[in-house]
Amino acid sequence: MRVRDADGTSAAQGLKLVLDAERQGLPFLRLSAADGRTRLAVLEDGDERLTVGRASACDVVIDHDPGVSRVHCEIERVADGWVVSDDGLSRNGTVVDDRRLEGRHRLHEGSIMRVGATTIEFRNPTEGHTQAPTRTIGIGALPPAVTPAQVSVLRELCRPMIVEGAGAPAGNQVIAETLFLSVETVKSHLKVLYGRFDLEDVPAASKRTELATRVIRAGIVRKADLL
């Protein structure tokens, strides 16, 4: 297992870390701390069982969250997949996909685990994309509905971040030229999308990156859509 930390707490830095990991094609755990910092634990071929908890002896250490037990849960390889189990290890329990964990639960692409106040997302780039993760807008919430025209704008907005690994989305002029639209039309689409993704109170300088980040994490735009 390899642990990697984002360089900072911005959404763009966390997303870049995730995209880099996806290119490797290995399953990984994405830990989101309360301060916005992202940490990845990449699961390698030799990994069979991982412990998660506050104790320094755990494989995945979460020492900043008092709601996490010293040994909170275990993540184990079973055949070609991974399962999570608690079995009374933790005081506060483990929640998986909005349900309190009892026994073992098989993890799938986009499965969300909550231990204390920490969110752990299981990602497996090799697993089919029939069920895309929709958790970053709010655990248990569905992503906002978008029209085909808005999806086209979102794809071009996100393209530099997904394909090129850039830290910023495409500008309005680039989107307009690619889709043969006016810049005002692109701005109009984005204005509506900011509202649907509850970004009205986000500073103007951060809105585009935050929109692209949420769209990518929600699975509305995927790398396969841009190739």
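All of the points below concern the structure found in this document. (Residues numbered from 1 in each chain as written. Predicted model: local features only at pLDDT ≥ 70, side-chain atom pairs only at ≥ 80, totals over all residues. Heavy atoms only, no water.)

Section: the sheet that holds strand 11 (residues 112-115)
(1) Moving on: Strands sit in the order 1-3-2-12-11-8-9 across an open sheet of 7 strands; the sheet is antiparallel. The sheet is open, and its two borders are formed by strand 1 (2-5) and strand 9 (99-100), each paired with just one other strand.
(2) Moving on: Pairing of strand 11 with strand 12 (residues 118-123), which is carried by 4 bridges, proceeds in the antiparallel orientation. Bridging from a neighbouring strand, Arg114 pairs with Thr119 of strand 12. (Pairing = 2+ DSSP bridges. Helix = DSSP H or I, 4+ residues; strand = E, 2+ residues; numbered from the N terminus.)

Here we look at the side chain of Arg30
(1) Moving on: With respect to the helices and strands, the residue Arg30 is situated in strand 2 (residues 28-32).
(2) Moving on: Owing to a relative accessible area of 7%, Arg30 belongs among the buried residues under this scheme.
(3) Moving on: Contacts of Arg30, omitting those with residues within four sequence positions, involve Val18, Thr38, Arg39, Leu40, Thr119, Ile120, Glu121 and Arg217. (Buried < 20%, exposed > 50% of the residue type's maximum accessible area, 1.4 Å probe, protein only. Contact = heavy atoms within 4.5 Å.)

Let's talk about the side chain of Arg208
(1) Moving on: Turning to its location among the elements, Arg208 is positioned in helix 5 (residues 204-217).
(2) Moving on: Although Arg208 is buried, it forms no salt bridge, and the closest oppositely charged side chain is Glu156 at an N-O distance of 11 Å.
(3) Moving on: Each residue touching Arg208, except ones within four places of it in the same chain, is listed here: Leu157, Pro169, Ala170, Gly171, Asn172, Ile175, Leu190 and Tyr194. (Lys, Arg positive; Asp, Glu negative; His and termini not counted. Salt bridge = Lys/Arg side-chain N within 4 Å of Asp/Glu carboxyl O.)

Comments concerning the environment of Lys191
(1) Moving on: Structurally, Lys191 can be placed in helix 4 (residues 183-196).
(2) Moving on: For Lys191, a relative accessible area of 66% gives the class exposed.
(3) Moving on: Sequence separation of Lys191 and Lys207 is 16 residues, and the distance between their C-alpha atoms is 10.0 Å.

Some words on empty space enclosed by the protein
(1) Moving on: Summed over all chains, the structure comprises 1 cavity of 30 Å³ or more.
(2) Moving on: Put simply, the largest cavity is a space of about 40 Å³.
(3) Moving on: If you go around the largest cavity, the residues you meet are Leu19, Glu22, Arg23, Ile162 and Lys223.
(4) Moving on: Residues of the lining of the largest cavity, tallied by class, amount to 2 nonpolar, no polar and 3 charged. (1 Å grid on protein atoms, 1.4 Å probe; cavity = no way out; pocket = protein on both sides within 12 Å on 5 of 7 lines; lining within 4 Å. Points joined across faces, edges and corners; volume = space filled by probe spheres on them. Nonpolar A, V, L, I, M, F, W, Y, C, P; charged D, E, K, R; others polar.)

So, the nonpolar core
(1) Moving on: Leu154, Leu190, Leu211, Val215 and Val221 are the most contacted members of the largest nonpolar core, which has 25 residues in total.
(2) Moving on: Where this core is concerned, the elements lending two or more residues are helix 1 (11-24), helix 2 (148-163), helix 3 (172-179), helix 4 and helix 5.
(3) Moving on: The biggest single contributor to this core is helix 2, with 6 residues.
(4) Moving on: Once you skip the residues sitting within four places of it in the chain, Leu154 turns out to touch Val146, Leu193, Leu211, Val215, Ile220 and Val221.
(5) Moving on: Judged by nonpolar contacts, the second largest core, of 20 residues, contains Leu31, Val68, Ile120 and Phe122. (Core = buried A, V, L, I, M, F, W, Y, C linked by side-chain atoms within 4.5 Å.)

Structural notes on the packing of helix 2 against helix 3
(1) Moving on: Following both chains from N to C, one finds helix 2 and helix 3 inclined at 125°, their axes separated by 10 Å at the closest point. By the criterion of interaxial angle, the relationship of helix 2 to helix 3 is oblique. When the axes of helix 2 and helix 3 are compared, the crossing they make is right-handed. Of the residues in helix 3, those in contact with Ser152, Val153, Glu156 and Leu157 of helix 2 are Ile175, Thr178 and Leu179.
(2) Moving on: For the contact of helix 2 with helix 3, the residue count by class is 4 nonpolar, 2 polar and 1 charged. (Axes fitted to C-alpha atoms, helices over the stretch in contact; angles between N-to-C directions. Parallel < 35°, antiparallel > 145°, perpendicular 65-115°, else oblique. Left-handed = near helix turned anticlockwise from the far one by under 90°.)

Comments concerning unusual backbone geometry
(1) Moving on: Even without glycine at this site, Ala79 takes up a positive phi of about 55°.
(2) Moving on: Within the secondary structure, Ala79 sits in the loop between strand 6 (73-78) and strand 7 (81-85).
(3) Moving on: In this structure Ala79 comes out as exposed when scored by relative accessible area, which is 71%.
(4) Moving on: A positive phi angle, close to 60°, is found at Phe180, a residue other than glycine.
(5) Moving on: On the accessibility criterion, Phe180 (77% relative accessible area) is exposed.

Some points on the sheet that holds strand 10 (residues 104-107)
(1) Moving on: The mixed open sheet is built from 5 strands, whose spatial order is 5-4-6-7-10. Edge positions in the sheet fall to strand 5 (60-61) and strand 10, since each has one partner strand and no second.
(2) Moving on: Relative to strand 10, strand 7 runs antiparallel, the two sharing 4 bridges. Within strand 10, the residue paired with Ser85 across the bridge is Arg104.

So, to be careful, I would describe these as geometric facts and stop short of saying anything about function.
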